[in-house]
Amino acid sequence: MSVCWKDLTEQNNLFATRQSVAELAKNVLHQHAMIISDQVKLDVQANSAAHYTRQTADIEYVCRLLWLAVPSKHIHSEINHLLSQRIIDGTTPELSNFWQHAKDYDQRVVEMSAIAMALVEAPEIYWQPLNEKQKTNLSDWLLSSTYIALPPNNWYWFRVLILESLSGLGIEIDTLNLEFDLQSIDEMQLQQGWFEDGATGVMDYYNPMGFHLYALMYCRWNPNSPRKEVLLNNALEFTKTYRNWFDSEGRQLAYGRSLNYRFAVLAFWAELARVIPNHPDISLWRTLWTNGMNWWSNQPISDSNGMLLPGFAYPNLLMSEFYTSSVSPLLAFKAFNALAMEETHPFWQSTLESLPEMAEVQWINDRHLQWRNGGTYLLTNASGSNELRECADKYYKFAYSSAHGFCIDSVRWINQGWVGDNILAFQHPDTMQWYSRTHHISAFREADTLVSIWSPFMGCRVITCQTLQTDREVRIHRITSDRNLSFIMTGYCVDEWRSWFSHVIAAPSRIESKNLFSELRLVKGQGHACCYPCAPNTNVVYPHSSVPAISGVIQAGNSDIEVQVLAGSLGVLHE
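Residues numbered from 1 in each chain as written. Predicted model: local features only at pLDDT ≥ 70, side-chain atom pairs only at ≥ 80, totals over all residues. Heavy atoms only, no water.

Visitor: Explain the sheet that holds strand 10 (residues 473–481) here, please?
Guide: In a beta sheet, neighbouring strands are held together by backbone hydrogen bonds and run either parallel or antiparallel to one another. What the seven strands build is an open sheet, ordered 7-8-9-10-16-13-12; its pairing is antiparallel. Here the strands that pair on one side only, and so sit at the sheet edges, are strand 7 (442–446) and strand 12 (510–512). Shown here is a sheet whose adjacent strand axes are inclined to one another by a mean of 15°, direction ignored. Two strands pair when backbone bridges link them, and strand 12 and strand 13 (residues 516–524) are joined in this way by three bridges, in the antiparallel orientation. What sits directly across from Ile511, in strand 13, is Ser518. (Pairing = 2+ DSSP bridges. Helix = DSSP H or I, 4+ residues; strand = E, 2+ residues; numbered from the N terminus. Axes fitted to C-alpha atoms, helices over the stretch in contact; angles between N-to-C directions.)

Here it is as structure tokens:
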């Protein structure tokens, strides 16, 4: 059974004050202290397993707790000392439970970065009490990350933090390798303060919770670094667009991989305040952090012991990655870095702002087109992390939203009467399987239009053009096919349930719930309006949802289909 964090405390507004946040942290850490002290047994593979070993998942559990425990060191000192002892034992080669040194592409490197943070932020607990042998063991274990191969993406920051933390303690490091990692990160920089997460062009939540969070920590640890000014300017430039990935209710855009980490992305706003405490936007940063944390505290994402469960707005293994263990969601604890700031800090003294329900249309590197209209909305032709589970649904849909969520398994069950959101899918005439956009042959911006050239399978080629008008999106598909093909296109999900196979009954392609609406209007081409249920538990925000749809058959040759896509929150003026 899952519960909301608000149910774990008597506080109604958990994140209104530092005191209320501290009380929640204390309650959650108390539960984890019982596990770390072996009073309660935790099986890290009880509910789900990742591609790495049980021992690595055990390391993951200890290290991800640090993101909450370290900024709470004056609130719950006991768990910090318990975690320190676990780290000492795990890095002692003579013990049977030795954590083993890192190897190429090792998950251990991810978790080492949390220990690096603890060494810098709480050396009085995690370094100074250690004897010389223990210090050597710990530093040797961390240094095993120096020369191994890493995925060429945000992972470079893990090693930067590891080496920087050790250097600050007087441990000799390979500065050339450190510089190589920093230069590799520089090469991933785009315009507007954004980074692509590797060579594929992915622009997702690894920007705030990876690139920028770690860059800000680096600046705080190295106040005299020649890189500091550039890194801070990048982060501030990034805020100009990233702030609109959150709507006025605190919901964040549902898009991309690693959504299991939930509110980890909010750590960026608190870290900005730690590094630039007197910035004029600190009230906005506090508001975005507080609204987001309050929204998450009302979602059933935890068990009764405060353990975050895999999923997004509710527990859901269907949308999890191969690297998601049952303890992976604890990376969300990064957002508790706000507790490292004292009550008198400008962050906690700032007044919360009222965020507007509307925000202007913004382009991000000519790959994303975003706006806020009740919820936050995104049109995109950016690339995805193609090697990951459900990549097409997480990256290659035509649109995404904070209010409507999105579905995985969007095309898998069409023959069984279920379909996902914001897709155009074709049925292969030989296999009878359905295929949507899974990659781009080419993608670019043309004036105010996003253009994607793609192919669902051999013999069919599609040019999709997306343009945002005053209160709707115009979505045009120019299709060239060798054969007649059945197709289905859909709009945004709505938290309203339609019965199984209700799509066989002709109905307007519009769905309304108590809070949301979604509609498709066919402007050009032939098709039948209907509404489909989405397969249960496939929408990452709502266990039950439905979509408006238009289905039909295109003839061999050239066909154009044009639809207007409308969606939003009922009661909001859509400008």
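Visitor: Would you take a moment to explain the domain arrangement of the protein chain for this structure?
Guide: Interface size is often expressed as the accessible area that is lost when the parts come together. Entries for the protein chain in the domain assignment read domain 1 (5–356) and domain 2 (363–569). Taking only C-alpha atoms into account, the centre of domain 1 sits 34 Å from that of domain 2. Between domain 1 and domain 2, the contact holds 37 residues from the first and 38 residues from the second. For the pair domain 1 and domain 2, the two sides together bury roughly 3200 Å², of which 54% comes from carbon and sulfur. The interface formed by domain 1 and domain 2 holds two salt bridges in total. Between Glu196 and Arg367 there is a salt bridge whose closest N-O contact spans 3.9 Å. Taken together, domain 1 and domain 2 are joined by 25 residue pairs in polar contact (both at pLDDT 80 or more). A breakdown of the residues in the side of domain 1 that touches domain 2 according to their chemical character gives 19 nonpolar, eleven polar and seven charged. (Domains from an automatic or database assignment. Contact = heavy atoms within 4.5 Å. Buried area = accessible area lost by both parts, 1.4 Å probe. Salt bridge = Lys/Arg side-chain N within 4 Å of Asp/Glu carboxyl O. Polar contact = N/O pair within 3.5 Å; in protein donor to acceptor, adjacent residues only side chain to side chain. Nonpolar A, V, L, I, M, F, W, Y, C, P; charged D, E, K, R; others polar.)

Visitor: What am I meant to see in the state of the cysteines here?
Guide: Across all of its chains, the model carries zero disulfides by this definition. For Cys460, which is in no disulfide, the shortest distance to another cysteine sulfur is to Cys465 and amounts to 15 Å. Looking at Cys460, the relative accessible area reads 3%, which means it is buried. (Disulfide = S-S within 2.5 Å. Buried < 20%, exposed > 50% of the residue type's maximum accessible area, 1.4 Å probe, protein only.)

Visitor: When you look at the packing of helix 9 (residues 206–221) against helix 11 (residues 267–275) in this model, what are you seeing that I'm missing?
Guide: Geometrically, a packed helix pair is captured by the angle between its two axes and the distance between the axes. One can describe the packing of helix 9 onto helix 11 by two numbers: an axis separation of 9 Å at closest approach and a directional angle of 15°. When the interaxial angle is binned, helix 9 and helix 11 end up roughly parallel. Considering how the two elements wind past one another, helix 9 and helix 11 form a crossing that is left-handed. Where helix 9 abuts helix 11, its residues Pro208, His212, Leu213, Leu216, Met217 and Arg220 lie against Ala267, Phe268, Glu271, Leu272, Arg274 and Val275. Grouping the amino acids of the contact of helix 9 with helix 11 by side-chain chemistry returns eight nonpolar, one polar and three charged. (Parallel < 35°, antiparallel > 145°, perpendicular 65-115°, else oblique. Left-handed = near helix turned anticlockwise from the far one by under 90°.)

Visitor: Before we go on, may I ask you to explain the side chain of Ser402 in this structure?
Guide: Within the secondary structure, Ser402 is located in the loop between strand 4 (399–401) and strand 5 (424–427). When its relative accessible area of 3% is taken as the criterion, Ser402 is described as buried. There is a polar contact of 2.8 Å between the side chain of Ser402 and the side chain of Asp247. At a separation of 2.8 Å, a polar atom in the side chain of Ser402 contacts the main-chain amide nitrogen of Thr376.

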